[in-house]
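# Secondary and tertiary structure notes
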Amino acid sequence: MRYLPLTPAERTDMLGVIGANTVDDLFVDVPAAARLTAPIAGLPMHASEMAVERHMAALAGKNLAASQVPFFLGAGAYRHHVPASVDHMIQRGEFLTAYTPYQPEIAQGTLQMLFEFQTQVARLLGTEIANASMYDGSTACWEAVAMAGRVTKRSRAVLCSGLHPHYVSTVRTMAKFTGDTIEWAAPRLEAAADEAGVIAAIDDQTSCVVVQYPDILGRIPDLAAIAEAAHAHGALLVAVVTEPVALGLIEAPGNLGADIVVGEGQSIGVGLQFGGPYLGLFGCREKFVRQMPGRLCGETVDAEGKRGFVLTLSTREQHIRREKATSNICTNAGLCALAFSVHMTLLGGEGLSRLARLSHARAQQTAARLARVPGVRVLNDVYVNEFAVVLPKDARDVVRQLADNRILGGVSLGRLYPDAPDLANGLLICTSEMTTDAEIEALGQALEGVLA
């Protein structure tokens, strides 16, 4: 909302209408001990608009922007090139100004876009159906756990050690309100993706097994083996994909036995966006559709035989009674879903596969260069565009020194797992089609200098 300042005379008139002598009279119900009697220490007083703009610009200038320096960050948020045509399309007035279609049948363009988006996501994830999007990957992960509980009538979820810790945190937070039991342990640097440990944790009380693919360390778990073990106990397999571009190179989780596949769609069409808004992907087997959260757009024919689109399923609180709702998610990430769909349409299947191969080739090149740095050991033998290395010192310090050299050199595992000292020397490295030869060499040289 705009800030519309009032003159003293206007304030006096308003106070007179409501029967108050001063503005302070409006706060008489607030205990005196809780009221401020002086300016807040350390908080600057008001300033002009120009002064505030200068101050904020100076603060922003201290940041290292992803587009300005060599960039090797990943861990759930990925930098890929987004064509200018994507931004052009989503800024068309009929898309940009459209709000959640409470009367959906009058928003045929929005519904058709979401219908196409659902088709693309279902094909990408290897599922029979997909919904019209969720808020982001982490909340989609929780919705999958909650859905598995409704399907199996159980309340124990096993999370693989390689699940992103932010996703684990989201699931744990929400489980406090539902009473679900969450089993999880931090990953170990020296271990491969721990299929055996996950399988051993499944019992007849397990509602689902949640496996990230590829996982937080870039490892690619054997989903088929875990799916077989989960199904043998009547549990569901939930696959989590934080980097959908990887699915241009590896098999879709739904084709390997996953019952529910969720993920983060940010890397296709959306961009880093300073951490949000992002785009949750959600697909599942058709037989579970009535337990799926969010909304589902469908194609139909009207009374005149013309093709049209409708909101086929909407099992959320805004449309039905709370006790009947599968989820309290308020909306779908429509504009981000549109960006995803436009970019995916431009890529096509062949383009997505080529994008994944380019990103993988850059990762191989980076791993080979870092392996030549004294004291650095590459952990992964198999990966797509993200892998882990072990350094001879705390990776948090190394990342800071690399940033001082104007290189965003990866994500330290110590930052992701502050309570796991054995992971402190681990560093996640991510590449994409935007990574250049010069940037790879710059990272190698800077790392040699920092570790010397």
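Residues numbered from 1 in each chain as written. Predicted model: local features only at pLDDT ≥ 70, side-chain atom pairs only at ≥ 80, totals over all residues. Heavy atoms only, no water.

## Some points on the overall build of the protein
- Looking only at helices and strands, the protein has 13 helices and 13 strands in total.
- Seen through its C-alpha atoms, the protein measures out along the principal axes to roughly 75 × 70 × 45 Å.
- Across the 452 residues of the protein, 50% fall into the buried class.
- Summarising the internal contacts of the protein: among those between residues at least 6 apart in sequence, 71% fall at separations of at least 24.
- Across the protein, the 37 positively charged side chains and the 47 negatively charged ones have centroids separated by 1 Å. (Helix = DSSP H or I, 4+ residues; strand = E, 2+ residues; numbered from the N terminus. Buried < 20%, exposed > 50% of the residue type's maximum accessible area, 1.4 Å probe, protein only. Contact = heavy atoms within 4.5 Å. Lys, Arg positive; Asp, Glu negative; His and termini not counted. Charge placed at Lys NZ, Arg CZ, Asp CG, Glu CD.)

## Considering the environment of Thr 12
- As for its placement among the helices and strands, Thr 12 is situated in helix α1 (residues 8–18).
- By relative accessible area, Thr 12 is classed as exposed at 53%.
- Taking the C-alpha atoms as reference points, Thr 12 and Ser 353, 341 residues apart in sequence, are found 67 Å from one another.

## Considerations on a nonpolar patch on the surface
- On the surface, a nonpolar cluster with roughly 560 Å² of combined accessible area is contributed by Val 17, Ile 18, Val 23, Leu 26, Phe 27 and Val 30.
- Within the secondary structure layout, Val 23 lies in the loop between α1 and α2 (49–60).
- Classification of Val 23 as partly exposed rests on a relative accessible area of 40%. (Patch = residues over 30% accessible without salt bridge, like charges linked within 9 Å, V, L, I, M, F, W, Y side chains within 5 Å. Areas by Shrake-Rupley, 256 points an atom, 1.4 Å probe, with all protein chains shown as cover. Salt bridge = Lys/Arg side-chain N within 4 Å of Asp/Glu carboxyl O.)

## Regarding helix α6 (residues 137–152)
- Across its 16 residues, α6 extends 22 Å between first and last C-alpha, which sits within 8% of the 22 Å expected from 1.5 Å per residue.
- Burial analysis of α6 places 13 of its 16 residues in the buried class, which makes it a mostly covered element.
- A positive backbone phi angle near 60° is found at Lys 153, which sits one or two residues after α6. (Expected span 1.5 Å × (residues − 1).)

## Some details on the nonpolar core
- Counting residues in each nonpolar core, the largest one holds 88 residues, and the members touching the most others are Leu 163, Val 210, Ile 260, Val 262, Phe 282 and Phe 340.
- The residues contacting Val 262, other than those within four sequence positions of it, are Ala 140, Cys 141, Ala 144, Val 238, Ala 239, Val 240, Val 241, Leu 281 and Phe 282.
- Ala 367, Leu 370, Leu 402 and Ile 429 belong to the second-largest nonpolar core, a separate cluster that totals 22 residues. (Core = buried A, V, L, I, M, F, W, Y, C linked by side-chain atoms within 4.5 Å.)

## As for the sheet that holds strand β13 (residues 426–430)
- The sheet built from four strands is open, its strands ordered β10-β11-β13-β12 with antiparallel pairing. Looking at which strands have only one partner, the edges of the open sheet turn out to be β10 (377–378) and β12 (411–412).
- As defined by bridge partners, β12 adjoins β13 across two bridges and the pair is classed as antiparallel. Paired with Val 411 across the strands is Leu 428, a residue of β13.
- Packing against the sheet, helix α10 (residues 334–370) makes contact with β10, β11 (386–390) and β13, and its axis sits at approximately 10° to β11. (Pairing = 2+ DSSP bridges. Axes fitted to C-alpha atoms, helices over the stretch in contact; angles between N-to-C directions.)

## Some remarks on the packing of helix α11 (residues 395–404) against helix α13 (residues 437–451)
- Look at α11 against α13: their axes get within 10 Å of each other, and the N-to-C directions meet at 120°. By the angle between their directions, the pair α11 and α13 is classed as oblique. Seen from above, α11 lies across α13 with right-handed handedness. Along its contact with α11, which presents Val 398, Gln 401 and Leu 402, the element α13 presents Leu 443, Ala 446, Leu 447, Val 450 and Leu 451. (Parallel < 35°, antiparallel > 145°, perpendicular 65-115°, else oblique. Left-handed = near helix turned anticlockwise from the far one by under 90°.)

## What to know about the state of the cysteines
- In this structure the tally under the stated criterion is zero disulfides.
- Sulfur of Cys 160: no disulfide; nearest cysteine sulfur belongs to Cys 141 and is 9.1 Å away.
- Distance from the sulfur of Cys 336, which forms no disulfide, to the nearest cysteine sulfur (Cys 297) is 16 Å. (Disulfide = S-S within 2.5 Å.)

## What about unusual backbone geometry?
- Omega for the peptide link from Tyr 213 to Pro 214 comes to -15°, which places this bond in the cis form.
- As for its position among the elements, Pro 214 is in the loop between β4 (206–212) and α9 (223–232).
- Note the cis peptide between Gly 276 and Pro 277, where omega equals 0°.
- With respect to the helices, strands and loops of the structure, Pro 277 is situated in the loop between β6 (260–264) and β7 (280–284).
- Within the chain, Gln 273 stands out as a residue other than glycine whose phi angle is a positive 55°.

## Notes on the pairing of β7
- For β7, a buried count of five out of five residues is recorded, marking the element as mostly surrounded by other parts of the structure.
- The alternating pattern of β7 places Gly 280, Phe 282 and Cys 284 on one face and Leu 281 and Gly 283 on the opposite face, and all of these are buried.
- Across two bridges, strand β1 (residues 129–130) lies against β7 in antiparallel orientation. Across the sheet, the residue bridging to Ala 130 is Gly 283, located in β7.
- Alignment of β6 against β7, held across five bridges, turns out to be antiparallel. What sits directly across from Val 261, in β7, is Gly 283.

## A closer look at the pattern of salt bridges
- The final tally for this structure, using the stated rule, is 11 salt bridges.
- Its salt-bridge partner being Arg 369, residue Glu 441 comes within 3.0 Å of it at the nearest N-O pair. Residue Glu 441 is found in helix α13, and its partner Arg 369 is found in helix α10; the two are separated by 72 residues along the sequence.
- Overall, Glu 441 belongs to the partly exposed group, its relative accessible area being 30%.
- On the accessibility criterion, Arg 369 (6% relative accessible area) is buried.
- For the salt bridge of Arg 369 with Glu 448, the shortest nitrogen-to-oxygen distance reads 3.3 Å.

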